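# Residue-level structural notes
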There are 2 protein chains.
Amino acid sequence: MPVHQHIRVTADAVVLRFNSKEGMMVLLSKRSIPPHIFKWGLPGGFVQNDEPLENAVHREIRDETGLRVNYLEQFKTFGAPDRDPRGRVLCVAHVGLIKPSAAKLTLGAGNKEARWYPVRELPQMAFDHAEVIAAALDHLRLRFRHEPLAFELLDAKFPVSELEKLYEWLYDRMVDRRNFQKKIHGLGLLTTQQEKLKHPLQGRPAQLFSFNREKFTELQEKGTFVEIFS
Amino acid sequence: MPVHQHIRVTADAVVLRFNSKEGMMVLLSKRSIPPHIFKWGLPGGFVQNDEPLENAVHREIRDETGLRVNYLEQFKTFGAPDRDPRGRVLCVAHVGLIKPSAAKLTLGAGNKEARWYPVRELPQMAFDHAEVIAAALDHLRLRFRHEPLAFELLDAKFPVSELEKLYEWLYDRMVDRRNFQKKIHGLGLLTTQQEKLKHPLQGRPAQLFSFNREKFTELQEKGTFVEIFS
DNA sequence: GCAAAAGTGTTGAGTTTACACCCATGT
DNA sequence: ACATGGGTGTAAACTCAACACTTTTGC
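Let us look at the structure shown here. Computed from a prediction, not measured in an experiment: that's the story for all the values here.

### Focus on the overall build of chain A
Check the secondary structure of chain A and you find 5 helices and 10 strands. Taking 17 Å as the expected radius of gyration for a compact globule of 230 residues, we find that chain A reaches 19 Å, a close match to that expectation. Projected onto its principal axes, the C-alpha positions of chain A cover 60 × 40 × 30 Å. The buried share among the 230 residues of chain A stands at 53%. Considering only residue pairs separated by 6 or more positions, chain A has 66% of its internal contacts joining residues 24 or more positions apart.

### Quick word on the interface of chain B and chain A
One frequent convention defines the size of an interface as the accessible area lost when the parts assemble. Opposite the 31 residues of chain B that make contact, chain A presents 31 residues. Overall, the association of chain B and chain A removes approximately 2800 Å² of surface from exposure, summing both partners, and the carbon and sulfur fraction of that is 57%. Between the two partners, chain B and chain A, sit 15 residue pairs in polar contact (both at pLDDT 80 or more). Every element with two or more residues in the side of chain B that touches chain A is listed here: strand S1 (8-19), strand S5 (71-78), strand S6 (89-97) and helix H2 (129-144) of chain B.

### Points about a positive patch on the surface
Residue and element names in this part refer to chain A. Side chains of Lys-21, Lys-165, Arg-177, Arg-178 and Lys-182 sit close together on the surface and give a patch of like positive charge. Sorting elements by how many residues they give to the positive patch places helix H4 (residues 177-186) first, with 3 residues. Structurally, Lys-165 can be placed in helix H3 (residues 160-171).

### Observations concerning helix H1 (residues 53-65) of chain A
The α-helix advances 3.6 residues per turn, and as a result positions three or four apart in sequence lie on the same side. End to end, H1(A) covers 18 Å across 13 residues, agreeing with the expected 18 Å (1.5 Å per residue, within 8%). Where H1(A) terminates, the next one or two residues include Gly66(A), which has phi positive at roughly 80 degrees.

### Looking at the protein's contact with DNA strand D
Surrounding DNA strand D, one finds 18 residues, the nearest of these being Arg177(A), Lys182(A), Gly203(A), Arg204(A) and Gln207(A). Taken together, the sugar and phosphate atoms account for 35% of what DNA strand D places within 4 Å of the protein. One of the side-chain N or O atoms of Gln202(A) is found 3.2 Å from a sugar or linking oxygen in DNA strand D. The side chain of Arg178(B) places a nitrogen or oxygen atom 3.1 Å from a base nitrogen of DNA strand D. Every element with two or more residues in the surface near DNA strand D is listed here: H4 of chain A together with helix H4 (177-186) of chain B. Here the surface near DNA strand D takes 4 residues from H4(B), the largest share from any one element. For the surface near DNA strand D, the per-class residue count stands at 3 nonpolar, 6 polar and 9 charged.

### Observations concerning the relation of the copies chain B and chain A
Aligned on chain A, chain B shows an RMSD of 0.0 Å; the corresponding rotation is 180 degrees and the shift along the axis is 0.0 Å. Interpreted geometrically, this transformation is the action of a two-fold axis.

The rules behind the values
- Residues numbered from 1 in each chain as written.
- Chains lettered and ligands numbered in written order.
- Predicted model: local features only at pLDDT ≥ 70, side-chain atom pairs only at ≥ 80, totals over all residues.
- Heavy atoms only, no water.
- Helix = DSSP H or I, 4+ residues; strand = E, 2+ residues; numbered from the N terminus.
- Rg over C-alpha atoms; globule rule 2.2 N^0.38 Å.
- Buried < 20%, exposed > 50% of the residue type's maximum accessible area, 1.4 Å probe, protein only.
- Contact = heavy atoms within 4.5 Å.
- Buried area = accessible area lost by both parts, 1.4 Å probe.
- Polar contact = N/O pair within 3.5 Å; in protein donor to acceptor, adjacent residues only side chain to side chain.
- Patch = residues over 30% accessible without salt bridge, like charges linked within 9 Å, V, L, I, M, F, W, Y side chains within 5 Å.
- Areas by Shrake-Rupley, 256 points an atom, 1.4 Å probe, with all protein chains shown as cover.
- Salt bridge = Lys/Arg side-chain N within 4 Å of Asp/Glu carboxyl O.
- Lys, Arg positive; Asp, Glu negative; His and termini not counted.
- Charge placed at Lys NZ, Arg CZ, Asp CG, Glu CD.
- Expected span 1.5 Å × (residues − 1).
- Near = heavy atom within 4 Å.
- Nonpolar A, V, L, I, M, F, W, Y, C, P; charged D, E, K, R; others polar.
- Least-squares fit on C-alpha atoms with pLDDT ≥ 70 in both.

If you want it as structure tokens, here you go:
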């Protein structure tokens, strides 16, 4: 049985970036070969025989888009026998998070065309990749409540409103600004920075904060049940 | 690249059962072939080329132990290049939950030796299977808070104390009996049964309840944020 | 009657929600 | 001066945590 097994394995990534103006965006690359040629798909590809899965994902993201994510986590393996017309191909799907300042695509750098698309306005997708993206967001909705992943989508210094709007986008509901600040500051998770946001497009410049990871791990180790968002 | 890829894929299961006397138990089967011959490992094995992953798991559990789980969910894929001495073998790991009344092993039925082991007193394990079991429990700790998976580990009719002790075991802390009952009944998730527990080993016979799944989906659809346990 | 587990309410503390006005900046 | 988003406090509702005695059964 093992001798006759012929299953190929890809490692693919749902790479996300977020800002309050555009919402959540996903990194797609245009396929230049069949199957699904010219459709958009997730960056990713076949894993090398002796290569760890995460390496494969980092490599493929870099090769196809020139970007480097700062957070990467595997979340599900897609294995329906007919999901790839070439035969049995498993897709070990990952989510990657990237900060806005590191998300700029230098077009034409790679040999593939890569673009950011709004997660809620996807083009026609190759394979089952629309389903993979949906599953990635479900996964994040579970994790964001108790783990400080949101900060992986924000620059090192950020206004509270950006954090708030990220949660609003993900859970698709409005959040009271005052209550949100009370909660997040009450936990002591944000460190006030000297600077304020320069040249806001409109309105009063916002105070910038950074994530206090030491405080967070301290709380976790003390056994406090940390719920960032409910 | 894809042509030369040679990666094999197994689907394995961390099958769990629970009761308040013995705690959480995991189903292991004794390996009868190398590598790791005579060590204990998770039920599972190579996926057939055209076989869905879940099917493979159900098949292997049945063949190796004679049991059928009533809940099965994939939770992580283990892919370290050196985790199997035979070469590159990915393990798509699942958790299976089974009710106590369906968990009796008919020894000698299969050709492999299968046994239930207390999760906190594992024998020496094959491959990275100890790590897989730990990851399964971490996964369940995330899911049990908001999803009604606990009921998959209890018989159709169960005393509240059994549910409570399951949560106590998983989160490793004591829970106040009165507060727990208030919460769970407050949500309206349990239906009182006619019967009481017959012949308790000691003490007053407990009222039996069943899980009210309709009520649960109703709450979910109403958009109520259902937190079974905090 | 004794041992063992089940059942049951109240109170105080803490948390969550709802809500509206002034502030700092760019144009 | 006006438009835009940022910053801030309080009171009421609700939820959570702590706590002990009585009941039902088997032996």
